[in-house]
Each structure stands twice: as structure tokens, then as C-alpha cells.
Amino acid sequence: MGDLSSLPKAHLHVHLEGSIRPRTLSEIAARHRLTLPACFEKGYRFRDFADFNLQYRAIRACLREARDFRRIAFEFCQDEAAQGVRYAEVTFTLGAHGPRLESWEMPLESVLEGFEAGRERFGITCRVIVDHGRSKPPELAWRALETALRYRDRGVVGFGLGGDEKYPPEIFADVFHAAVDGGLHSVPHAGEITGPESIRGALVALRAERIGHGISAIEDQSLVEELKSRGVALEVCLTSNVAIPALVPSIDRHPLPRLIDAGLTVTINSDTPAIFSAPIASEYELAKKTFGLNDEAMAELARASVTASFAGESAKSSIQSEISRWLEESR
Ligand SMILES: [Zn+2]
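Calculation notes
- Residue numbering note: each chain is counted from 1, following its sequence as written.
- This being a predicted model, a pLDDT of at least 70 is required before a residue's local features are given, and a value of 80 or more before pairs of side-chain atoms are given or counted; all residues contribute to the totals for chains, interfaces and linings.
- Exposure criterion: with C-beta atoms placed from backbone coordinates, a residue whose C-beta has 20 or more other C-beta atoms within 10 Å is buried, one with 12 or fewer is exposed, and one in between is partly exposed.
- Where helices and strands are cited, they refer to DSSP runs of H or I of at least four residues and of E of at least two residues respectively, numbered from the N terminus.
- A pair of strands is considered paired only if DSSP assigns at least 2 bridges between the two.
- Residues are defined as contacting one another if the C-beta atoms placed from their backbone atoms lie within 7 Å.
- Axis lines are fitted to C-alpha atoms, over the contacting stretch for helices. Their N-to-C directions set the angle, which ranges from 0 to 180 degrees.
- Helix crossings fall into two classes, left-handed where the near helix is turned counterclockwise from the far one by less than a right angle and right-handed where it is turned clockwise.
- Polarity classes work like this: nonpolar for Ala, Val, Leu, Ile, Met, Phe, Trp, Tyr, Cys and Pro, charged for Asp, Glu, Lys and Arg, and polar for all others, with Gly in that last group.
- By definition in this entry, angles of less than 35 degrees are roughly parallel, angles greater than 145 are roughly antiparallel, angles of 65 to 115 are roughly perpendicular, and the rest are oblique.

Notes on the pairing of strand β1 (residues 9-15)
Link 1 in the chain: Counting buried residues in β1 gives 7 out of 7 residues, a clear majority hidden from the surface.
Link 2 in the chain: Relative to strand β2 (residues 85-92), β1 runs parallel, the two sharing 5 bridges. Following the sheet pairing, V14 is matched in β2 by V90.

Structure, rendered in C-alpha cells:
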């Protein structure tokens, strides 16, 4: 049996502000004379997606200074490296910080500095996906994009769309076209809470190259075929889908095995590992245990994460060889 924290992998769907060590957040909050958000209290249960959003906003509000952003990015590198992650594309919601702190550059620049320090220390490469919270107006998305594009050479690789899916993708079509034309990859969330139409909207209106979650694709066979023919991968986050009520009722009812059987490119991700106490290796473990997957299937999921990433070709092939070695050694 292979140890899944030593399985080399890429991590494609993980929010930086949802990955902060509770102890670190508590220290940062205390320094700014704030209290730790309620979701870190023992036994806290999310009521619904709106509740999750509220808690998430409280986490972000704790971050105020450059050193806060640098620290959480650096510690992210350490934590992810310990999970076998060699390469990560990390979502960062710039619009949640820029207006509040009256600087759009400082938060992003500090995160990139933290990642660079983490790369030197822990040997893991982290790239940034700047995302926009869809309940906020397109003007904020434009401002986030404009900043993201200026940092394209320093590690920003993609533009994303998160938050409440009752705001459909089409609202942001122009912003995403500009992002893609500017050289960023389009990686919106879709089909997490809403049905296949939101995934289709992301594909067509936003030119999505991967879909965040996308689990409702399984309800529409023609959409499954469309995703396959376009080579668009899904970023599946098991615990997250179950932890927020009304998404997936229980882990054994999660459509992961059906998505794999349908021939889709499926990747395993943690979404917000600190909030759900579910780091990525434990998400692989959960998939393995719940659906009876073997080491070959685990290696296949790790391979898919590398293939679907925007890492350079040489980085990709070196992680793929490491995965093959892991599989050899686990036999
Ligand atoms: Zn997400």
C-alpha cells in the first residue's frame, strides 16, 4: 500500500485564505485585535453556502499587512510539500483585499514573495490564480484582472471565478475574454451548487480550460462528451462538497467514481484544507477508502493533476517520472 502523502502530485484547486494554519490565523488576528472566525471553533458546522461565505470573509479580514500575506504563503509551501505536492496553482481572491487595504499590489506581491521563499526552502513551485468573487460587480473583476496581468511574468498563471453560483458565468464573459487574450488561463468554478448549465456557460462564455468542481456534469451526457472532446479537466474536492450542506449529502454519494467511469479527466483537490481539516493527501486517502481504489488508480489521479496543470513540460515530465517510481515502490 503506497503512502499517499509521499505520492508526488500537483494541487490545482486550493484557496490560499482557506489554507491558513488556525494557529497562524489566531496569532495574526490577535496582533490586529480581532477574534478568530467562528468556523475554527471546535464542532462548528456550516449551515449552508452563505454561512461558509460569511466565515470565509471573516478569515480574509484578519489579513492586513504584507507580512501576513508573506507568512501564509510561505507556510502554505511547507504544508503542501509535506503532502507530496510538487506544484500548486493557488487561488487568491485579490478583490477581497485590494479595496479594503487600498492597495491591489501589496497583497499579491507579498503572496508571490512568500511563494518564492517557500520554493527556495521546500522545493515546491506555487503559481497564482487570481479569482473574482462572482457576487461582486464586474468593475472589481476588471481591476483584479488588470493587476493580475501585470504579475504574469512573476507567477500569476490564471484567472478564476468563485463564490455563489447563483450569479451566472455569462456576467463575466468580457473579463474572461480579456484574461485569455492577455495570456492567462481561464479556470472558473462551475457546477458545484448549480447544474450542468453553469458548466456549459463556463466553457462557452468564459472559455474555461478547467472547471472548479464541475460535479454536476454527470447529469448531462452531452456535456460529459463536450468536456472530454475539449480535454477540460474537473477539479474535484470531496470533503468540501460534503461539508457544505445541500451539495452532496454524504461522501459515499459523491459522483467521483461516476465521473471517472465516464472517462472525464478528474483531479483530487482540497479546496480549503484548513477550514475542513482535510489536507490533500487525506483527500486522496478518502477517495481510496470510500470508493475502493487501488494504488494504480491513485497514481492515475496524481498523473491527471500533473497533466491538467499549467506547469512547464519539463516540470511535468519530472513529476510524472516520480509518480511512476512511487507506484513501483508501492508494489
Ligand atoms: Zn474553490
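Topic: the sheet that holds strand β7 (residues 210-213)
Link 1 in the chain: Taken in spatial order, the 4 strands make up an open sheet running β6-β7-β8-β9, and their pairing is parallel. Two strands in the sheet have a free side with no partner beyond their single neighbour: β6 (189-190) and β9 (266-268).
Link 2 in the chain: Each of β8 (233-236) and β9 is contacted by helix α13 (residues 295-307), which is oriented at about 100° to β9, the strand it contacts most.

A short note on the environment of R86
Link 1 in the chain: Inspection of the secondary structure assignment puts R86 in strand β2.
Link 2 in the chain: Owing to 24 C-beta atoms within 10 Å, R86 belongs among the buried residues under this scheme.
Link 3 in the chain: Distance in space between the C-alpha atoms of R86 and I199 is 28 Å, their sequence separation being 113 residues.
Link 4 in the chain: Not counting residues within four places of it along the chain, the set of residues in contact with R86 comprises P8, K9, A10, I124 and I319.

Digging into the sheet that holds β1
Link 1 in the chain: Overall, parallel pairing links the 5 strands, which are arranged β1-β2-β3-β4-β5 in an open sheet. This sheet does not close on itself; its edge strands, each paired only once, are β1 and β5 (185-186).
Link 2 in the chain: Sitting on the sheet, helix α3 (residues 66-81) touches β1, β2 and β3 (125-133), and the angle it makes with β2 is about 140°.

Brief notes about the packing of α3 against helix α5 (residues 105-122)
Link 1 in the chain: Look at α3 against α5: their axes get within 7 Å of each other, and the N-to-C directions meet at 35°. Between α3 and α5 lies a crossing of right-handed hand. Across the interface between the two elements, A66, F69, R70, R71, I72, A73, F74, F76, C77, Q78 and A81 of α3 pack against M106, P107, S110, V111, E113, G114, F115, A117, G118, R119 and F122 of α5.
Link 2 in the chain: The class makeup of the residues in the contact of α3 with α5 is 14 nonpolar, 4 polar and 4 charged.

Observations regarding unusual backbone geometry
Link 1 in the chain: Phi is positive for E102, which is not a glycine, with a value near 55°.
Link 2 in the chain: Here E102 is to be found in the loop between α4 (98-101) and α5.
Link 3 in the chain: Of note in the backbone geometry, R207 takes a positive phi value of approximately 55° without being a glycine.
Link 4 in the chain: Examined against the element boundaries, R207 turns out to sit in the loop between α8 (196-205) and β7.

Regarding the packing of α13 against helix α14 (residues 313-330)
Link 1 in the chain: Interhelical geometry of α13 versus α14 gives an angle of 175° and a closest axis separation of 10 Å. Considering the angle they form, α13 stands roughly antiparallel to α14. In this structure, α13 contributes D295, E296, A299, A302, R303 and V306 to the contact, and α14 contributes K316, I319, Q320, I323, W326, L327 and S330.
Link 2 in the chain: For the contact of α13 with α14, the class distribution of residues is 7 nonpolar, 2 polar and 4 charged.

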